[in-house]
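# Residue-level structural notes
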Amino acid sequence: MEGRSEVIVQKPETTLKSSPWGVTAQPTVPCSLATVMDEELAREYQKQEEVVDVSILDADKDNSDGISEFLTGDSDLDTSNDLLLAQMLQLEYDKEHDKLLTKEERHFNKDSKVQISFNNYRTVHPAVEDSDDEDSDELEESLYFPVTPTAVSSKKGYIGQGKNITTKHDAATCGRRNASRVVEQFPPGFHSGDSLGMDMQLSNRVYNSLKKHSKSEEKKAQKIADKKEHSTVEQAVDPKTRLLLYKLVNNEILDSVNGIISTGKESVVIHANGGQVETQLVPKECALKVFKTTLNEFRTRDKYIRDDFRFKDRFSKLNPRKIIRMWAEKEMHNLNRMRNAGICCPDVIMLKKHILVLSFIGEDRVPAPKLKDAHLTISDMTVAYEQCIKMMETMYNECNLVHADLSEYNMLWFNSQVCFIDVSQSVEPTHPLALEFLLRDCTNVSKFFSSNGLQGVLKPHDLFNKVTKLNIDADNEKEFLTQIEALQEKRSVEQTMTQEENFAFEYFFEKTRNEKMKEEDSETEDVTSDSV
């Protein structure tokens, strides 16, 4: 060991074992100073280090490719490499940390004009994170959303000189600005068309028209939303009506409510199974006529109830909600009159506000067909026509009513019998327009039966005279209608004079009665004074 000193030198490994926790420490091997100073040995070590560096770079590249493949799910990746899993977990943790940092940055800055950036605390560089997705998003935005042209920023209000001068009122600049406003500022549901790849320019007149239309459509959508709150898809069963139906079931008046049979302009008819009302049994099958809570139809139909003396004192156009209940009450009274006179119509069971419980005309939840939809033979059509005329005469002379909306849509055919329905608009003959309504009913009846090939159908004028027994003679329809109007006016005048005479008789009768009572009191006082 003379002239020699030994030093400890770490011998590099030709292969490194990868580990998620770093490179493992290698055991040290003793060697002599001469070995360390050997140039050939130094070159050999240098070559080994270069080979090791290249293998490490290849391993890192494979790991990065594996992470991207794992995240995108393009291929089946072997997850047995602990280093790869650790790097993936670290990357996800860094991204989550950056998202929380961005959220905290927005909360800290809020609407402040001076913004403070937290970029120095980020672990993933913004340029590296989701760079491909951002590029594609920017490309789509540039295609579908044109860039808003910048306004002319100059103290003078224009840029350029001579022929190239451009002001803020330039037609092209304003047109492009208006086109971009349509895309950016109008609501998403507004259909503005497809302007992809076009240099669209909208004039101020067109832009203002579109803006006005957009606002009107938005208000219309709000009105529709408000209307749905008060009226559901079934158009009459709103929350208040549904509560009334629940009460009818809870009180055992109805066993169950099944579903809608038909819908009309004024009401919805619902099928239900009956229960009992106190000691009175309800029919096994019932029809619930629910008058719509929307007032659009009733606002134009006040003429049927305004001049009816039964509801004249209670009618108020300022309170339209009461009109609906009065309409249901009016149909109840009319049906009771018709039933008492022997006319085939639904029986009234009870009235609950705007819900009218009626007997069901039909069988096994199948309603009787309307006369329009019934397939009748010639003999059945003849029977139906004779029954219809007889029912109209009975309704006018005995019930003292005019249907006012009689047609094939308001007549049912059940068990070889015609049944009248929808009599809420029926009026008395003393109504100022009663005769006009009756002539219209006669016209509808004659037109329907004659169009179905029935022979011997009376003309509307003859049917009108047959029902009313007035025997009005006219050469044409216009003259006939004129005589009807004159007769109605005469009746209204007579009715007014009768009311005035009754008022005068009551007034003078009450006045004479009071004077006579005063005379009797004065005579009694005189007798008392004489006796004293």
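Residues numbered from 1 in each chain as written. Predicted model: local features only at pLDDT ≥ 70, side-chain atom pairs only at ≥ 80, totals over all residues. Heavy atoms only, no water.

### Focus on the overall build of the protein
Quick note on the threshold: Numbering of helices and strands starts at the N terminus; helices are DSSP runs of H or I of at least 4 residues and strands are runs of E of at least 2. Burial classification: accessible surface area is computed with a 1.4 Å probe over protein chains only, and a residue below 20% of its type maximum counts as buried, one above 50% as exposed, and the rest as partly exposed. The criterion used for residue contact is that any of the two residues' heavy atoms lie within 4.5 Å. What sets the accessible areas is the Shrake-Rupley method with a 1.4 Å probe; for residues, cover comes only from the shown protein chains.
A tally of regular secondary structure across the protein gives 13 helices and 15 strands. When each of the 532 residues of the protein is scored for burial, the buried share is 29%. A separation of at least 24 residues holds for 58% of the contacts in the protein among residues at least 6 apart in sequence. Split by element, the accessible area of the protein, about 36600 Å² in all, is 51% carbon and sulfur.

### Section: helix H7 (residues 239-250)
Each turn of an α-helix holds 3.6 residues, which means side chains three or four residues apart point in the same direction. Defined as follows: By definition here, a helix of n residues has an expected span of 1.5 Å times n minus one. This arc is built from the directions going out from the helix axis to the C-beta atoms.
Counted at 1.5 Å a residue, the expected span for H7 with its 12 residues is 16 Å, and the 16 Å between its end C-alpha atoms agrees. Within H7 the residues assigned to the buried category are Thr241, Leu244, Leu245 and Leu248. Projection of H7 onto a plane perpendicular to its axis shows the buried side chains occupying an angular sector of 100 degrees, all on one side. Of the residues in H7, the exposed ones pointing more than 90 degrees away from the buried face are Lys240, Tyr246 and Asn250. Positive backbone phi, approximately 65 degrees, marks glutamate 252, located one or two places after H7.

### Quick word on the confidence of the model for the protein
For the record, the criterion: pLDDT expresses, on a scale from 0 to 100, how confident the predictor is about each individual residue.
When the pLDDT values of the protein are averaged, the result is 75; 65% of them are 70 or greater. Low pLDDT, under 50, characterises residues 1-14; the stretch is placed with 16 contacts to residues that sit more than four places away or in other chains. Low pLDDT, under 50, characterises residues 131-151; the stretch is placed with 13 contacts to residues that sit more than four places away or in other chains.

### A look at the pairing of strand S9 (residues 285-291)
We count it as follows: One requirement defines pairing of two strands: DSSP has to find at least two bridges between them.
For S9, a buried count of seven out of seven residues is recorded, marking the element as mostly surrounded by other parts of the structure. As paired elements, strand S6 (residues 267-274) and S9 share seven bridges and run antiparallel to each other. Looking at the pairing, alanine 272 lines up with cysteine 286 of S9.

### Things to note about the packing of aromatic side chains
Put simply, the rule reads: For Phe, Tyr and Trp, where Trp contributes only its six-membered ring, two rings pair if their centres lie within 6.5 Å, and the inter-plane angle classes them as stacked under 30 degrees, edge-to-face over 60, or tilted in between.
Under the definition given, this model contains four aromatic pairs. Geometrically, the ring pair formed by phenylalanine 108 and phenylalanine 118 is tilted, given 6.1 Å between the ring centres and 45 degrees between the ring planes. On the criterion of sequence distance, the pair formed by phenylalanine 108 in helix H3 (residues 82-109) and phenylalanine 118 in the loop between H3 and helix H4 (131-144) is long-range, its members being 10 residues apart. Taking 5.1 Å as the distance between ring centres and 75 degrees as the angle between the ring planes, the aromatic pair formed by phenylalanine 448 and phenylalanine 449 counts as edge-to-face. An aromatic cluster is built from Tyr385, Phe448 and Phe449, whose rings are joined through pairwise contacts.

### A short note on the pattern of salt bridges
Pairing is possible between side chains that carry opposite charge, provided their charged atoms lie close to one another. To keep it simple, the criterion reads: Counted as salt bridges are all cases of a side-chain nitrogen of Lys or Arg within 4 Å of a carboxyl oxygen of Asp or Glu.
All told, the structure shown has six salt bridges when counted by the stated rule. Among the salt bridges present, the one from aspartate 347 reaches arginine 339, with a minimum N-O distance of 2.5 Å. Note on aspartate 347: relative accessible area 33%, which makes it partly exposed. What makes arginine 339 partly exposed here is its relative accessible area of 37%. We note a salt bridge from glutamate 393 to lysine 466, for which the minimum N-O separation is 3.7 Å. Of this pair, glutamate 393 sits in helix H10 (residues 378-397) while lysine 466 sits in helix H12 (residues 460-468), placing them 73 residues apart in sequence. Take lysine 466: its relative accessible area is 38%, and that puts it in the partly exposed class.

### Concerning the environment of serine 203
Note on placement: serine 203 falls in the loop between helix H5 (171-185) and helix H6 (204-230). Overall, the relative accessible area of 41% leaves serine 203 in the partly exposed class. Spatially, the C-alpha atom of serine 203 lies 9.6 Å from that of arginine 177, the residues being 26 residues apart in sequence.

### Here's the deal with the pairing of strand S5 (residues 254-263)
Two strands pair when backbone bridges link them, and S5 and S6 are joined in this way by seven bridges, in the antiparallel orientation. The residue bridging threonine 263 from the neighbouring strand is valine 268, located in S6. What sits between the antiparallel neighbours S5 and S6 is a turn of three residues.

### Considering H5
Its 15 residues give H5 an end-to-end C-alpha distance of 20 Å, which sits within 8% of 21 Å, the value for a rise of 1.5 Å per residue. Within H5, burial applies to Thr173, Cys174, Gly175, Arg177, Asn178, Ala179, Ser180 and Val182.

### Focus on the environment of leucine 288
Relative to the helices and strands, leucine 288 is located in strand S9. Judged by relative accessible area, which is 0%, leucine 288 ranks as buried. Along the sequence, leucine 288 and isoleucine 270 sit 18 residues apart, while their C-alpha atoms lie 4.9 Å from each other. Look past the residues within four positions of leucine 288 in its chain and what remains in contact with it is Leu245, Leu254, Val257, Val268, Val269, Ile270, Ala272, Leu356 and Val357.

### Here we look at the sheet that holds strand S10 (residues 348-352)
To keep it simple, the criterion reads: Lines fitted to the C-alpha atoms define the axes, with helices restricted to the stretch that makes contact. Angles between their N-to-C directions range from 0 to 180 degrees.
Pairing is antiparallel across the open sheet formed by five strands, whose spatial order is S5-S6-S9-S11-S10. Here the strands that pair on one side only, and so sit at the sheet edges, are S5 and S10. Taken pair by pair, the neighbouring strands of this sheet meet at an average axis angle of 25 degrees, ignoring direction. The pairing of S9 with strand S11 (residues 355-359) spans five bridges and is classified as antiparallel.

### Observations regarding the side chain of lysine 289
Under the convention used in this document: Any N or O atom pair separated by 3.5 Å or less is treated as a polar contact, with the protein-specific requirement of one donor-capable and one acceptor-capable atom, and with residues adjacent in sequence counted only for side-chain atom pairs.
Within the secondary structure, lysine 289 sits in strand S9. Of note is the side chain of lysine 289, whose polar atom sits 2.7 Å from the side chain of aspartate 422. Discounting chain neighbours no more than four positions away, the residues touching lysine 289 are Ser267, Val268, Glu331, His354, Ile355, Leu356, Leu358 and Asp422.

### Re the nonpolar core
Heads up, the rule is: Residues belong to one nonpolar core when they are buried, are Ala, Val, Leu, Ile, Met, Phe, Trp, Tyr or Cys, and are joined through side-chain atoms within 4.5 Å.
Ranked by internal contacts, the top residues of the largest apolar core, which has 47 residues, are Met338, Met392, Phe420, Leu438, Val445, Phe449 and Phe464. Counting residues per element, the ones that place at least two in this core are helix H9 (320-340), S11, H10, strand S14 (411-413), strand S15 (418-420), helix H11 (434-451), H12 and helix H13 (477-531). Residues in contact with phenylalanine 449, not counting those within four places in the same chain, are Leu371, Met381, Ala384, Tyr385, Leu454 and Val457.

### As for the state of the cysteines
As a reminder, the rule being used: Two cysteine sulfurs form a disulfide in these notes if their separation is within 2.5 Å.
On inspection of all chains with the given rule, the structure shows one disulfide. Between cysteine 344 and cysteine 419 runs a disulfide, and the two sulfur atoms are separated by 2.3 Å. Since a negative S-S torsion denotes a left-handed disulfide, the cysteine 344-cysteine 419 link at about 40 degrees is right-handed. Here the residue cysteine 344 occupies a position in the loop between H9 and S10, and cysteine 419 occupies one in strand S15, the gap between them amounting to 75 residues. With a relative accessible area of 2%, cysteine 419 lands in the buried category.

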